[in-house]
Amino acid sequence: MTPTKMAEAAREVAESVGLELDVMDRDRMREHGMGAFLGVAQGSEEPPKLIVLTYRGDPDNPQNNLGLVGKGITFDTGGISLKPAANMEAMKGDMAGGASVIAAMRAIGSLQPRINVTGLIAATENMPGGRAQRPGDVVTAMNGKTIEVINTDAEGRLVLADALCYARSLGITRLVDVATLTGAMVVTLGKACTGMMGNSHKLAKDVGVAGERSGERFWELPMLEDYRELIRSDVADMKNTGGRQAGSITAAMLLREFAEDADWVHLDIAGTSTASGNKGHVVKGATEYQPGRWPNWR
């Protein structure tokens, strides 16, 4: 899979269920000031794509909207901060969040619910080419915020930052992003459930109920302001990794900066995207989390 092939797959879905499709290329991304996304893409010969699928199920009520944002790193070497050779072949799966969004948009187009849904997939490779970004570089995202790149293997949050900004520019007020974002999530939760973080109690609860109904297990992690200090930078608005402490949470803290005032939930599927032994647990007719099995809500 390459970004171009991923865009072709999205086109097939759009044509099959009647969705609108827009595929943004490097030049258009540059016009929009997507420096975080383009910084990741600049080391690869494969052109990046920002894929936008749109379903208009309630066109007379534009505020009834939802944005699904997927990480589409079609191969992740780690860039200059190169990953170890062992198991690197599995990094063709680093586009699982983007693939999940495309699949969800196919289902939405088929089911035709009364809601407006936009799916955005940030697709690129992360390669250690001669033009690749370097640790120490500072990139500027679409909303003008700057990010110091400490580790080029923390690239997913950079492409998602600009995708979230673009979603906000479209007027989307509820956002759910899906990403194989951090190895730290596998350490925290293993392959049993997906880590969930966000800024909205209501949207998180809605996502949790949807998970109960469909067999997807979500576990919410805290978004305390203390964690924001871990990504503080001396030369930019933030840095792209906070080190070993609370790695999944600090990644989400960065994304929160780009969701801005939208209701937003982040799903880290690093463990569950490849969980061959993960058995879904459907709670029929679920309307809320079951007491004693899920964390207290904020």
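Residues numbered from 1 in each chain as written. Predicted model: local features only at pLDDT ≥ 70, side-chain atom pairs only at ≥ 80, totals over all residues. Heavy atoms only, no water.

Going by the annotation in an unreviewed UniProt entry, the name recorded for the chain is Probable cytosol aminopeptidase, with Geodia barretti given as the source organism.

A short note on the nonpolar core
Heads up, the rule is: To define a nonpolar core, start from buried Ala, Val, Leu, Ile, Met, Phe, Trp, Tyr and Cys residues and group those joined through side-chain atoms within 4.5 Å. Throughout, exposure labels follow a simple rule: accessible area from a 1.4 Å probe, protein chains only, divided by the maximum for the residue type, with under 20% read as buried, over 50% as exposed, and the rest as partly exposed. Runs of E in the DSSP output that reach at least two residues are strands. Runs of H or I that reach at least four are helices, and both are numbered from the N terminus. Any two residues whose heavy atoms approach within 4.5 Å at even a single point are treated as in contact.
Core analysis: the largest hydrophobic core is formed by 49 residues, its most contacted members being Leu-50, Ile-147, Leu-175, Phe-258 and Trp-264. For this core, the elements supplying multiple residues, two or more each, are helix H3 (35-41), strand S2 (49-56), strand S3 (65-76), strand S4 (116-126), helix H5 (156-169), strand S7 (174-179), helix H6 (183-189) and helix H8 (247-259). Among the elements that line this core, the one with the most residues is H5, at 9 residues. Apart from residues lying up to four places away in sequence, Ile-147 is in contact with Ala-36, Asp-137, Val-138, Val-139, Leu-158, Ala-236, Met-238, Lys-239, Asn-240, Leu-254 and Phe-258. Counting 32 residues, the second largest nonpolar core, distinct from the first, contains Val-178, Met-196, Ala-204 and Leu-267.

A look at the packing of helix H1 (residues 3-17) against helix H4 (residues 96-111)
To be explicit about the condition: Under this scheme, a helix contributes an axis fitted over its contacting stretch, all axes are lines through C-alpha atoms, and angles between N-to-C directions fall in the 0 to 180 degree range. Should an angle fall under 35 degrees it is taken as roughly parallel, and over 145 as roughly antiparallel, whereas 65 to 115 is taken as roughly perpendicular and any remaining angle as oblique. Gly falls in the polar group here, along with every residue not listed as nonpolar (Ala, Val, Leu, Ile, Met, Phe, Trp, Tyr, Cys, Pro) or charged (Asp, Glu, Lys, Arg).
Taken N-terminus to C-terminus, the directions of H1 and H4 make an angle of 10 degrees; their axes are 9 Å apart at the nearest point. Of the possible angle classes, the one that applies to H1 and H4 is roughly parallel. Of the residues in H4, those in contact with Met-6, Ala-10, Val-13, Ser-16 and Val-17 of H1 are Gly-98, Ala-99, Ile-102, Met-105, Arg-106, Gly-109 and Ser-110. Counted by class, the contact of H1 with H4 contains 7 nonpolar, 4 polar and 1 charged residues.

Here we look at the pattern of salt bridges
Condition: Salt bridges are defined as contacts in which a side-chain nitrogen from Lys or Arg sits within 4 Å of a carboxyl oxygen from Asp or Glu.
A complete count under the given rule lists 14 salt bridges for this structure. In this structure, the salt-bridge partner of Asp-153 is Lys-83, at a minimum N-O distance of 3.0 Å. Of this pair, Asp-153 sits in the loop between strand S6 (146-148) and H5 while Lys-83 sits in the loop between S3 and H4, and the two are 70 residues apart along the sequence. On the accessibility criterion, Asp-153 (25% relative accessible area) is partly exposed. Among the salt bridges present, the one from Lys-202 reaches Asp-206, with a minimum N-O distance of 3.1 Å. In this pair, Lys-202 and Asp-206 are both assigned in helix H7 (residues 201-214), 4 residues apart and thus about one turn of the helix distant. Where salt bridges share partners, they join Lys-71, Asp-94 and Glu-155 into one cluster.

Observations concerning the side chain of Asn-126
Inspection of the secondary structure assignment puts Asn-126 in strand S4. Once you skip the residues sitting within four places of it in the chain, Asn-126 turns out to touch Val-40, Ile-73, Phe-75, Asp-76, Thr-77, Gly-78, Gly-79, Thr-152, Asp-153 and Glu-155.

Quick look at the pairing of S7
How we decide: If DSSP finds at least two bridges between two strands, the strands pair.
Where burial is concerned, most of S7 is hidden: 5 out of the 6 residues are buried. Of the pairings in the sheet, the one linking S7 to strand S11 (residues 263-268) comprises 6 bridges and is parallel in character. Residue pairing across strands places Leu-175 opposite Trp-264, the latter belonging to S11.

Overview of H7
Operational definition: To estimate the expected span of a helix, count its residues, drop one, and scale the result by 1.5 Å.
Between its first and last C-alpha, H7 extends 20 Å over 14 residues, near the 20 Å set by a 1.5 Å rise per residue. If you check which residues of H7 are buried, you get Leu-203, Ala-204, Val-207, Gly-208, Val-209, Gly-211 and Glu-212. As for H7, its buried residues are in contact with S7, strand S8 (194-198), strand S9 (218-220) and S11.

Let's talk about the sheet that holds S2
With mixed pairing, 8 strands are arranged side by side in an open sheet as S1-S2-S4-S3-S7-S11-S8-S9. Two strands close off the open sheet at either side, each with one partner strand: strand S1 (20-24) and S9. On average, each strand axis in the sheet is tilted by 20 degrees relative to the strand beside it, whichever way the strands run. As judged from the 5 bridges shared by S1 and S2, these two strands associate in the antiparallel manner. Within S2, the position partnered with Met-24 by the bridge is Leu-50. H7 contacts S7, S8, S9 and S11 of the sheet and is inclined by roughly 45 degrees relative to S11.

As for the sheet that holds strand S10 (residues 238-239)
Spatial strand order, S5-S6-S10: 3 strands in an open sheet with mixed pairing. Pairing within the sheet leaves two strands with one partner each, and these edge strands are strand S5 (138-140) and S10. Note that S6 and S10 share 2 bridges and pair parallel. When the bridges of S10 are listed, Ile-147 appears paired with Met-238.

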